Amino acid sequence: MSENPKFDGRRALLKKAAGISAAIAAADVVTTQQAKAAGMAPSAVQYQDKPKDGHQCDGCALWIPGPTPKAKGKCKAVSGPIDPTGWCTLWSPKS
């Protein structure tokens, strides 16, 4: 045991504070990952259900097709159903 009980109390308090801080940081990482998995809001990327300047979702690298060519699909970055003829600011040509 240490010679001064005051220091033992402070050390214990610092260890608890460090543990709590680590738990909060871990929870923040999990929340961020869940938000990324859910995708961004369509409004955040100016999503529209019509093409812009000849670019549309079914020609984008982020496009995930629906069951038929005209059916709504999904996007790797934007949440919700996405129209194949839609467009957003994340549009990037398929390679």
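Residues numbered from 1 in each chain as written. Predicted model: local features only at pLDDT ≥ 70, side-chain atom pairs only at ≥ 80, totals over all residues. Heavy atoms only, no water.

Chemist: Describe the side chain of D83, with residues and values.
Modeler: Here D83 shows up in the segment after strand 2 (74-75). Although D83 is buried, it forms no salt bridge, and the closest oppositely charged side chain is K72 at an N-O distance of 4.5 Å. Of the polar contacts made by the side chain of D83, one reaches the side chain of T85; its length is 2.7 Å. When near neighbours in sequence (up to four residues on either side) are disregarded, D83 contacts Y47, D49, C57, W63 and K72. (Helix = DSSP H or I, 4+ residues; strand = E, 2+ residues; numbered from the N terminus. Buried < 20%, exposed > 50% of the residue type's maximum accessible area, 1.4 Å probe, protein only. Lys, Arg positive; Asp, Glu negative; His and termini not counted. Salt bridge = Lys/Arg side-chain N within 4 Å of Asp/Glu carboxyl O. Polar contact = N/O pair within 3.5 Å; in protein donor to acceptor, adjacent residues only side chain to side chain. Contact = heavy atoms within 4.5 Å.)

Chemist: Which residues make up unusual backbone geometry, and what values go with them?
Modeler: Phi at Q46 is positive, roughly 55°, even though this residue is not glycine. Residue position: Q46 is located in the loop between helix 1 (5-38) and strand 1 (63-64). Of the residues examined, Q46 reaches a relative accessible area of 51% and is grouped as exposed. One non-glycine residue, D53, lies in positive phi territory at about 50°. Here D53 is to be found in the loop between helix 1 and strand 1.

Chemist: Quick one: what's the story with empty space enclosed by the protein, residue by residue and with numbers?
Modeler: This structure, assessed with the given rule, holds one cavity of 30 Å³ or more. By volume, the largest cavity is sized at about 90 Å³. For the largest cavity, the full set of lining residues is Y47, C57, C60, L62, W63, K74, C75, V78, I82, C88, L90 and W91. The class makeup of the residues in the lining of the largest cavity is 11 nonpolar, no polar and one charged. (1 Å grid on protein atoms, 1.4 Å probe; cavity = no way out; pocket = protein on both sides within 12 Å on 5 of 7 lines; lining within 4 Å. Points joined across faces, edges and corners; volume = space filled by probe spheres on them. Nonpolar A, V, L, I, M, F, W, Y, C, P; charged D, E, K, R; others polar.)

Without other data, these values stay purely geometric and don't point to any function.
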